[in-house]
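Fold and geometry: a report
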Amino acid sequence: MKFHFTSCNFKYFNIAMTLSNIIILQFFLLSCLIGIASAQLSSTFYAKTCPNALSTIKSEITSAVNSDRRMGASLLRLHFHDCFVQGCDASVLLDDTSSFTGEKSAGPNANSLRGFDVIDTIKSKVESLCPGVVSCADILAVAARDSVVALGGASWTVPLGRRDSTTASLSSANSDLPGPSSSLSSLISSFSNKGFTAKELVALSGSHTIGQARCVTFRTRIYNDTNIDSSFATSLQANCPSTGGDSTLSPLDTTSQNTFDNAYFKNLQSKKGLLHSDQELFNGGSTDSQVNAYSSNPLSFQTDFGNAMVKMGNLSPLTGSSGQIRTNCRKTN
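Residues numbered from 1 in each chain as written. Predicted model: local features only at pLDDT ≥ 70, side-chain atom pairs only at ≥ 80, totals over all residues. Heavy atoms only, no water.

Per an unreviewed UniProt entry, the protein chain goes by the name Peroxidase and belongs to Sphenostylis stenocarpa. Under the Function (unreviewed entry) heading, UniProt states for the protein chain: "Removal of H(2)O(2), oxidation of toxic reductants, biosynthesis and degradation of lignin, suberization, auxin catabolism, response to environmental stresses such as wounding, pathogen attack and oxidative stress. These functions might be dependent on each isozyme/isoform in each plant tissue." (UniProt positions renumbered as here; feature names shortened; annotations may be inferred.)

Here you go:
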């Protein structure tokens, strides 16, 4: 969250504290606080303007996840891929046009991001309730939370009030999103650049306790890495040949792919991380202890995950009069 206090510079207040000056100062401080509050997100942002927004989103997410359990992971990933590229502004949802190239064709997104149709359905229903009120960026944030809950994870309070961007960045999507072959130092750097600690990196990586990945993202690991359980590697090779079959899917968490739990961390302890970047979190490095902690304390993981998701949702949101409330999440108004 960025706050600018250009009108609140306290160094100019070398004034005697007469009664009138105290009143002026109090008014000044109140004005500053109002300015701060207007830049912050609020969990009650739609309480009056669209009171049924959250229940509508939740109902649609529950239905979508019940129909396709993998969709929960896909919608969680959509929010992450949105926030890590120019902030949580729904830029990831913008379709390409003849004069505009969005983020969907970026390396980390092409042929792998999904759930756009679910967001479209939610947006349509919310628009019918409250036209021009609820942003696509907020829908993504709430959908991510409700997806985790639908798969058995703990809930968290989502701050709201984001607005939608009118731009996207293909180059930032290619550079800012960590890849499946990332080293631990690269992962720590990528998350640090967004303001996250190594502990928060591990917590957010726990999202890989649900969902699936394509063969092309883990082929090198199962054929070349040495820090992998041999029987695990062999079982994966049966569906992911050394050449071809790039889009064949395997669960990120081989234990319980449709349940949001802490099994992901136990898998890492057994050298059964699907992606090279997963296993890097438990490979004799600085994050091993945190993996051990979450493996033995599922409640701690769920709590830290929720807190880290709130922090991620606060990445450079557009608020106030910035951006717009898109009528169609796929294109600008």
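**Here we look at the UniProt feature "active site" (unreviewed entry) in the protein chain**
Under the present numbering, the feature "active site" (unreviewed entry) in UniProt falls on H81. Beyond its immediate stretch of four places on either side in the chain, H81 contacts V92, E103, P108, N109, L113 and L177. (Contact = heavy atoms within 4.5 Å.)

**So, empty space enclosed by the protein**
By the definition in use, this model includes one cavity of 30 Å³ or more. If one sorts the elements of the lining of the largest cavity by residue count, helix 14 (residues 298–313) sits on top with three residues. Among the residues forming the lining of the largest cavity, the class breakdown is six nonpolar, three polar and one charged. (1 Å grid on protein atoms, 1.4 Å probe; cavity = no way out; pocket = protein on both sides within 12 Å on 5 of 7 lines; lining within 4 Å. Points joined across faces, edges and corners; volume = space filled by probe spheres on them. Helix = DSSP H or I, 4+ residues; strand = E, 2+ residues; numbered from the N terminus. Nonpolar A, V, L, I, M, F, W, Y, C, P; charged D, E, K, R; others polar.)

**Here's the deal with the state of the cysteines**
Per the counting criterion, the structure on display carries four disulfides. Note that C50 is cross-linked by a disulfide to C130, the S-S spacing being 2.0 Å. Across the S-S bond of C50 and C130 the torsion is about 80 degrees, and the bridge reads as right-handed. Here C50, found in the loop between helix 1 (19–38) and helix 2 (53–67), pairs with C130, found in the loop between helix 4 (116–129) and helix 5 (136–150); they are 80 residues apart in sequence, far enough to count as distant. Among the residues examined, C50 registers a relative accessible area of 1% and is labelled buried. Classification of C130 by relative accessible area gives buried; the value is 9%. The side chain of C136 participates in a disulfide bridge whose partner is C329; the two sulfur atoms lie 2.1 Å from each other. The chirality of the disulfide connecting C136 with C329 is left-handed, given an S-S dihedral of about -95 degrees. In this pair, C136 is assigned in helix 5 and C329 in the segment after helix 14, connecting sequence segments 193 residues apart. In this structure, C136 and C329 share a single accessibility class: buried. (Disulfide = S-S within 2.5 Å. Buried < 20%, exposed > 50% of the residue type's maximum accessible area, 1.4 Å probe, protein only.)

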